[in-house]
Amino acid sequence: MNINEHQQWFYSTGDGEKHGPVSVEQIQELAISYKLPKETTVLWAEGLSDWVNIENITGLTANDEAIVDASSTQRVPNAPVTPHVVVHEESASVYPSFFARLGAFLIDMVICNLGIVVLALVVGIGSEQMLNLIGILIVWLYFSLQESSAAQATLGKKWLGMKVCDDEGNKLSFLHATGRHAGKLLSSILLIGFIMAAFTEKKQGLHDIMAKTFVVSK
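Description of the structure in this document. (Residues numbered from 1 in each chain as written. Predicted model: local features only at pLDDT ≥ 70, side-chain atom pairs only at ≥ 80, totals over all residues. Heavy atoms only, no water.)

1. Structural notes on the overall build of the protein chain
Then, number 1: Secondary structure summary: the protein chain contains seven helices and six strands in total.
Then, number 2: Across the 218 residues of the protein chain, 41% fall into the buried class.
Then, number 3: Pairs at least 24 apart in sequence give 66% of the contacts found in the protein chain among residues at least 6 apart.
Then, number 4: Summed over all atoms, the accessible surface of the protein chain reaches about 11600 Å², with 62% contributed by carbon and sulfur. (Helix = DSSP H or I, 4+ residues; strand = E, 2+ residues; numbered from the N terminus. Buried < 20%, exposed > 50% of the residue type's maximum accessible area, 1.4 Å probe, protein only. Contact = heavy atoms within 4.5 Å. Areas by Shrake-Rupley, 256 points an atom, 1.4 Å probe, with all protein chains shown as cover.)

2. Digging into the packing of aromatic side chains
Both the distance between ring centres and the angle between the ring planes are used here to describe each pair of aromatic rings.
Then, number 1: Counted by the stated rule, this structure contains six aromatic pairs.
Then, number 2: Each ring, one from Tyr 95 and one from Phe 214, has its centre 6.0 Å from the other, and the planes form 35 degrees; the classification is tilted. Taken as a pair, Tyr 95 in the loop between β4 (52–53) and α2 (98–123) and Phe 214 in strand β6 (residues 213–217) lie far apart in primary sequence, 119 residues in all.
Then, number 3: A relative accessible area of 7% places Phe 214 in the buried class.
Then, number 4: Taken together, a centroid distance of 5.9 Å and an interplanar angle of 50 degrees make the contact between Trp 140 and Phe 174 tilted. With a gap of 34 residues between them, Trp 140 in helix α3 (residues 128–147) and Phe 174 in helix α5 (residues 174–187) connect regions that are remote in the sequence.
Then, number 5: The class of Phe 174 is partly exposed, set by a relative accessible area of 31%.
Then, number 6: Here the aromatic residues Phe 105, Tyr 142, Phe 143 and Phe 194 are joined through ring pairs into a cluster of three or more.
Then, number 7: It is Lys 184 that lies over the ring of Phe 143; its NZ or CZ is 3.8 Å from the centre. (Phe/Tyr/Trp six-rings, centres within 6.5 Å; stacked < 30°, edge-to-face > 60°. Lys NZ or Arg CZ within 6 Å of the ring centre and 35° of its normal.)

3. What to know about the side chain of Thr 213
Then, number 1: Relative to the elements of secondary structure, Thr 213 occurs in strand β6.
Then, number 2: The class for Thr 213 is buried, based on a relative accessible area of 0%.
Then, number 3: Residues contacting Thr 213, with those up to four places away along its chain left out, are Val 164, Cys 165, Asp 166, Leu 172, His 176, Arg 180, Gln 204, His 207 and Asp 208.

4. Here we look at α2
Then, number 1: Across its 26 residues, α2 extends 37 Å between first and last C-alpha, which sits within 8% of the 38 Å expected from 1.5 Å per residue.
Then, number 2: Within α2, the full set of buried residues consists of Phe 98, Arg 101, Ala 104, Asp 108, Cys 112, Ile 116 and Ala 120. (Expected span 1.5 Å × (residues − 1).)

5. Let's talk about the nonpolar core
Then, number 1: With 18 residues, the main nonpolar core has Trp 9, Tyr 11, Ile 27, Leu 43 and Leu 48 as its most contacted residues.
Then, number 2: Elements that contribute at least two residues to this core include exactly β1 (8–12), α1 (24–33) and β3 (42–44).
Then, number 3: Looking at this core element by element, the count peaks at four residues for α1. (Core = buried A, V, L, I, M, F, W, Y, C linked by side-chain atoms within 4.5 Å.)

6. Examining the sheet that holds β3
Then, number 1: Read across the sheet, four strands follow the order β2-β1-β3-β4 without closing on themselves; strand pairing throughout is antiparallel. The sheet is open, and its two edges are formed by β2 (19–23) and β4, each paired on a single side.
Then, number 2: Looking at chain direction, β3 and β4 are connected through two bridges and run antiparallel. For Val 42, the partnering residue across the bridge sits in β4 and is Asn 53. (Pairing = 2+ DSSP bridges.)

7. Remarks on a nonpolar patch on the surface
Then, number 1: Where nonpolar side chains cluster on the molecular surface, the patch consists of Leu 186, Ile 189, Leu 190, Ile 192 and Met 210 and spans about 530 Å² of accessible area.
Then, number 2: Relative to the assigned elements, Leu 190 resides in the loop between α5 and α6 (192–195). (Patch = residues over 30% accessible without salt bridge, like charges linked within 9 Å, V, L, I, M, F, W, Y side chains within 5 Å. Salt bridge = Lys/Arg side-chain N within 4 Å of Asp/Glu carboxyl O.)

8. Quick look at unusual backbone geometry
Then, number 1: One non-glycine residue, Gln 152, lies in positive phi territory at about 60 degrees.
Then, number 2: Topologically, Gln 152 is positioned in the loop between α3 and α4 (155–159).
Then, number 3: Judged by relative accessible area, Gln 152 falls into the buried class, the value being 1%.
Then, number 4: Notably, Leu 190 is not glycine yet its phi reads approximately 55 degrees, a positive angle.

So, in structure tokens, the structure goes:
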């Protein structure tokens with residue numbers, strides 16, 4: 001198996017701790033910097049049915065010197081691992097910046113507004129109240145359907161290389177995505193909830209914290 005087949009990875013070194021998501025580059029850095037033991041380190045990415053030993057993945061490093069035998073470490077023997085992985089602090093670099101998220105949001109709102117205008121012209125909606133209601137429905141469905149899809153991202157997020165996941169790295173259900181979208185009503189108050197994404201450790205807005213979701217780089 002080639003490691004380049006997947007963008008986001010989770011790993012465990014056999015001590016019972018599960019880390020991720022991390023990028024291919026970060027896995028390569030860990031292999032070099034932290035000397036991942038080849039007998040106990042396992043990796044998992046979306047699309048795999050089970051965890052895979054690091055020895056069975058090619059393209060990790062230019063050579064095998066960075067992956068050492070478990071006998072040269074003081075690791076505990078391989079511990080049971082499940083593919084439900086909590087996002088840890090060391091993967092903070094996979095969280096997009098506030099400005100990247102803002103750019104994706106602006107792209108999405110341009111798309112939504114164009115859709116609303118086209119619909120109004122085609123259907124001939126004359127009432128401003130009805131137009132506002134249609135706009136709310138379009139924006140809700142646009143965000144909730146796409147962020148709960150296999151892509152886990154709206155068009156704006158997808159184009160800028162990011163996606164939405166829950167606190168275990170999994171994709172959201174439609175109801176979960178709807179709840180996250182509803183939380184934006186609170187985030188929109190003085191825009192404080194959105195601005196929080198610039199200062200929180202894992203770049204979460206208020207609606208992300210409430211829904212226990214993260215926006216991560218693909």
